[in-house]
Amino acid sequence: MEIEKKYLVESLPEHLEEYERAELEQCYLCSNPTLRIRRRDEDYIFTYKSHVDDAGQKSALCVAEEWEAPLTREAYEHLREKADGKRITKTRYRIPYQRYTIELDVFHGEYEGFLLAEVEFPTVAEGDAFVPPEWFGKDVSGDYHYSNSYLSKSEKNSVISEN
């Protein structure tokens, strides 16, 4: 189970170069359920993600069942040609914060300069109680316009203008 919150980022944190980072490219074969292929540096991963109905709860969290499996480079390249929409490319920084890890995505390509941060939680209660750092902007958890699968099929201006 994946429990997370997602935020727009207003300004980059100081000393960003000091944090662990990876270069990502990802593509989508299907949006509902989400079937994603991802290259993270030289690792290749297939992901199945199905969003969980929150049964009417008012939590502002993204909750999903998620399953990952390794791919070979050859399988990734074969599937990449079958993907819908654009390839999403970004640098992902892993930033320790309190007892969590912020995954800060700095997008490249068509979404150059777009910034999103995600934080995962072990429980819905912890996610609901989370207080983000000052450099975070608007909470966009649960807003499908900020899912990478949506971004892969949209124009930058249609997403950026909503901020």
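Use the structure listed above.
Every value quoted in this text rests on a predicted model; they were computed, and no experiment measured them.

What exactly am I supposed to notice about the pattern of salt bridges here?
Side chains that carry opposite charge are capable of pairing whenever their charged atoms lie near each other. Counted under the stated rule, the structure contains 15 salt bridges. The closest approach of N and O atoms between Arg94 and Glu20, which form a salt bridge, is 3.7 Å. A residue pair is termed long-range when its members are at least 10 positions apart, and Arg94 in strand E6 (residues 84-97) and Glu20 in strand E2 (residues 20-31) qualify at 74 residues. What makes Arg94 partly exposed here is its relative accessible area of 33%.

Quick question: what am I supposed to make of the environment of Glu66 here?
Residue position: Glu66 is located in strand E5 (residues 62-71). In sequence terms Glu66 and Lys90 are 24 residues apart; their C-alpha atoms lie 21 Å from each other. For Glu66, the side chain forms a polar contact with the side chain of Lys49, separated by 3.3 Å.

Quick question: what am I supposed to make of the side chain of Glu103 here?
Tracing the chain through its elements places Glu103 in strand E7 (residues 100-107). What makes Glu103 buried here is its relative accessible area of 15%. Reaching out from Glu103, the side chain makes a polar contact with the side chain of Arg94 at a distance of 2.9 Å.

Can you help me understand the packing of aromatic side chains in this one?
The geometry of two aromatic rings is summed up by the distance between their centres and the angle between their planes. Inspection of every chain in the model, using the stated rule, returns 14 aromatic pairs. Here the aromatic rings of Tyr100 and Phe130 are separated by 5.7 Å at their centres, their planes lie at 85°, and the arrangement is edge-to-face. Placement of the pair is Tyr100 in strand E7 and Phe130 in the loop between helix H2 (124-129) and strand E9 (136-139), with a sequence separation of 30 residues. On the numbers, 6.1 Å between centres and 45° between planes, the contact of Tyr111 with Phe114 is tilted.

For this particular structure, what's the right way to read the nonpolar core?
Most often, soluble globular proteins keep nonpolar side chains buried together rather than apart. Ile102, Leu104, Phe130 and Phe136 are the most contacted members of the largest nonpolar core, which totals 20 residues. Residue assignment for this core shows that the elements contributing at least two residues are strand E1 (2-9), E6, E7 and strand E8 (115-120). When residues in this core are grouped by element, the largest group, four residues, is from E7. Setting aside anything within four residues of it in sequence, one finds Leu104 in contact with Val9, Leu12, Pro13, Leu16, Thr91, Arg92, Tyr93, Ile95, Leu116, Ala117 and Trp135. In this structure, Ile88, Phe107, Tyr111 and Tyr146 belong to the second largest nonpolar core, which totals nine residues.

Calculation rules
Residues numbered from 1 in each chain as written. Predicted model: local features only at pLDDT ≥ 70, side-chain atom pairs only at ≥ 80, totals over all residues. Heavy atoms only, no water. Salt bridge = Lys/Arg side-chain N within 4 Å of Asp/Glu carboxyl O. Helix = DSSP H or I, 4+ residues; strand = E, 2+ residues; numbered from the N terminus. Buried < 20%, exposed > 50% of the residue type's maximum accessible area, 1.4 Å probe, protein only. Polar contact = N/O pair within 3.5 Å; in protein donor to acceptor, adjacent residues only side chain to side chain. Phe/Tyr/Trp six-rings, centres within 6.5 Å; stacked < 30°, edge-to-face > 60°. Core = buried A, V, L, I, M, F, W, Y, C linked by side-chain atoms within 4.5 Å. Contact = heavy atoms within 4.5 Å.

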